[in-house]
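# What the coordinates show
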Amino acid sequence: MQNRIHWLDNLRGLCMVAILYDHTETYYIGKNAIITDLYVTDALYLFFIISGYFIYKPNGEVCVKHKMKSILRTLIIPYFIFTTAMAIPKAVANGRELDLIGITTNILTGQASWFVAALAVAEILFISTLKIAKGNIKWMLAVCTTTFIASIWLSTVTSYCFWQIDNALMAMLFLLIGYAYHKYEPNIRNDIKWIVVCLLAFVCLKIYVVRADITLTIWHINISNYVVFAANVVIGCLAMFGLFRNLPSCRMLEWIGKHSLVYYFLCGGVPLLVSKLAAHVGFYYNNSHVRVFVAFAIVLIVSTILTWTIYRYIPFVTGRSRSNRQWIVG
């Protein structure tokens, strides 16, 4: 059983809150009021980087057999359980016809939850490559850079990839960043001056992204400037990791981070249902962002109640037993 790293739970919790908010805006307003490149892309790549952080084992080599079993138990099996359970309710809420063949096809081909599918495939590929390269960072960098380039190519030739292989190939580089960060963590600066510099650089980069109208979308891959994208990932990682390593823990964020997988599966269904109910009672957007925050608060509360219930009464669907309360993704 892994010991929890509280600052990473806090950061993962913040990323999950950001994704929930993004989905709330999408369903409640029908569009994004806040530019997604300002925060959504960062939340997604940070999730991948955090998963890579946990892959590195300071006290020994990664056990491939154990890790593959972990991926199956904590990602792939929950993927099939949650996407199957939510498919019909989401179709009904969206007012679509029940196309059981289409629903089944989406689930079996990894289209029902792109992030979880991409993470599972990326981790399988990364662990396999790590074993072949015997943990050599230079070889891993060469391979993961190649897979990143391959993901760019795939994004230009098709919009549909079996089990999100395009995003999985891209995510391998994110996993490597997290893996390398953990390996060289004692040598990475963590003083306040360095963190302030990273944060200022990150803010300046975001201002440039907005003014230059640069697109940094990970799914579906739509990146208009890869130099800026690379800088955004590296600076964003250093800034957020450095910041959260020094911040006091927030119990709410930490709890959300510990249970982020279930929150992620719920982040499509709950905002959709809350938005439908809001429309039913006449609580429309009406260009009032305060109403968006109210809707988001309801989404967060409902998601938390459902997540607590799932972990309390049916924890096996998340890949853990009742006795293992320290379950971790990655």
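### Quick word on the layout of surface pockets
Approximately 1000 Å³ is the volume found for the largest pocket. The wall of the largest pocket is formed by 36 residues, among which Lys90, Gln111, Ala112, Trp114 and Trp219 lie closest to the centre. At six residues, helix α3 (residues 64–93) tops the list of elements feeding residues into the lining of the largest pocket. Considered class by class, the residues forming the lining of the largest pocket number 17 nonpolar, 13 polar and six charged.

### Topic: the confidence of the model for the chain
Residues with a pLDDT of 70 or more make up 96% of the chain, whose mean pLDDT is 93. Across residues 325–330, confidence stays below pLDDT 50; counting only partners more than four residues off in sequence or on other chains, it has 30 contacts.

### Focus on empty space enclosed by the protein
Unfilled space is identified by rolling a water-sized probe across the atoms. One pass over the structure, following the stated rule, counts two cavities of 30 Å³ or more. Volume-wise, the second largest cavity comes out at about 30 Å³. Taken together, Gln111, Ser159, Tyr160, Cys161, Gln164, Asp166, Asn167, Trp219 and His220 form the lining of the second largest cavity. Split by residue class, the lining of the second largest cavity holds three nonpolar, five polar and one charged.

### So, a nonpolar patch on the surface
On the surface, Val290, Val294, Ile298, Val302 and Leu306 cluster together to form a nonpolar patch covering roughly 370 Å² of accessible area. Secondary-structure assignment places Val294 in helix α12 (residues 289–313). The partly exposed category is assigned to Val294, whose relative accessible area is 36%.

### Side note on the packing of helix α2 (residues 40–55) against helix α5 (residues 114–133)
At a minimum axis separation of 11 Å, α2 and α5 run at an interaxial angle of 35°. α2 and α5 meet at a crossing whose hand is right-handed. Contacts between α2 and α5 involve Leu44, Phe47, Phe48, Ser51 and Ile55 from the first element and Trp114, Phe115, Ala118, Leu119, Glu123, Phe126, Ile127 and Leu130 from the second. By residue class, the composition of the contact of α2 with α5 is eleven nonpolar, one polar and one charged.

### Things to note about the side chain of Ser151
Of note, Ser151 is situated in helix α6 (residues 137–157). Ser151 gets classed as buried once you look at its relative accessible area, which sits at 0%. Excluding anything up to four places from it in sequence, Ser151 contacts Asp166, Leu169, Met170 and Ile221.

### Observations regarding the side chain of Asn167
Structurally, Asn167 can be placed in helix α7 (residues 165–183). For Asn167, a relative accessible area of 2% translates into the label buried. If we ignore the near neighbours within four places in the chain, the residues touching Asn167 are Trp114, Ala118, Ile218, Trp219 and Ile221.

### A few points about the packing of aromatic side chains
For the coordinates displayed, the defined rule picks out 29 aromatic pairs. Look at Tyr79 and Phe80: their rings are 5.2 Å apart centre to centre, the planes differ by 80°, and that puts the pair in the edge-to-face class. Judged by relative accessible area, Tyr79 falls into the buried class, the value being 0%. Look at Phe80 and you get partly exposed, because its relative accessible area is 28%. Feature note: the residues Tyr45, Phe47, Phe48, Trp114, Phe115, Phe148, Phe174, Trp219, Tyr226, Phe229 and Tyr264 constitute an aromatic cluster, connected by ring pairs. Positioned above the aromatic ring of Tyr313, the side-chain terminus of Arg312 is 5.2 Å from the ring centre.

Parameters at a glance
- Residues numbered from 1 in each chain as written.
- Predicted model: local features only at pLDDT ≥ 70, side-chain atom pairs only at ≥ 80, totals over all residues.
- Heavy atoms only, no water.
- 1 Å grid on protein atoms, 1.4 Å probe; cavity = no way out; pocket = protein on both sides within 12 Å on 5 of 7 lines; lining within 4 Å.
- Points joined across faces, edges and corners; volume = space filled by probe spheres on them.
- Helix = DSSP H or I, 4+ residues; strand = E, 2+ residues; numbered from the N terminus.
- Nonpolar A, V, L, I, M, F, W, Y, C, P; charged D, E, K, R; others polar.
- pLDDT = per-residue confidence, 0-100.
- Contact = heavy atoms within 4.5 Å.
- Patch = residues over 30% accessible without salt bridge, like charges linked within 9 Å, V, L, I, M, F, W, Y side chains within 5 Å.
- Areas by Shrake-Rupley, 256 points an atom, 1.4 Å probe, with all protein chains shown as cover.
- Salt bridge = Lys/Arg side-chain N within 4 Å of Asp/Glu carboxyl O.
- Buried < 20%, exposed > 50% of the residue type's maximum accessible area, 1.4 Å probe, protein only.
- Axes fitted to C-alpha atoms, helices over the stretch in contact; angles between N-to-C directions.
- Left-handed = near helix turned anticlockwise from the far one by under 90°.
- Phe/Tyr/Trp six-rings, centres within 6.5 Å; stacked < 30°, edge-to-face > 60°.
- Lys NZ or Arg CZ within 6 Å of the ring centre and 35° of its normal.

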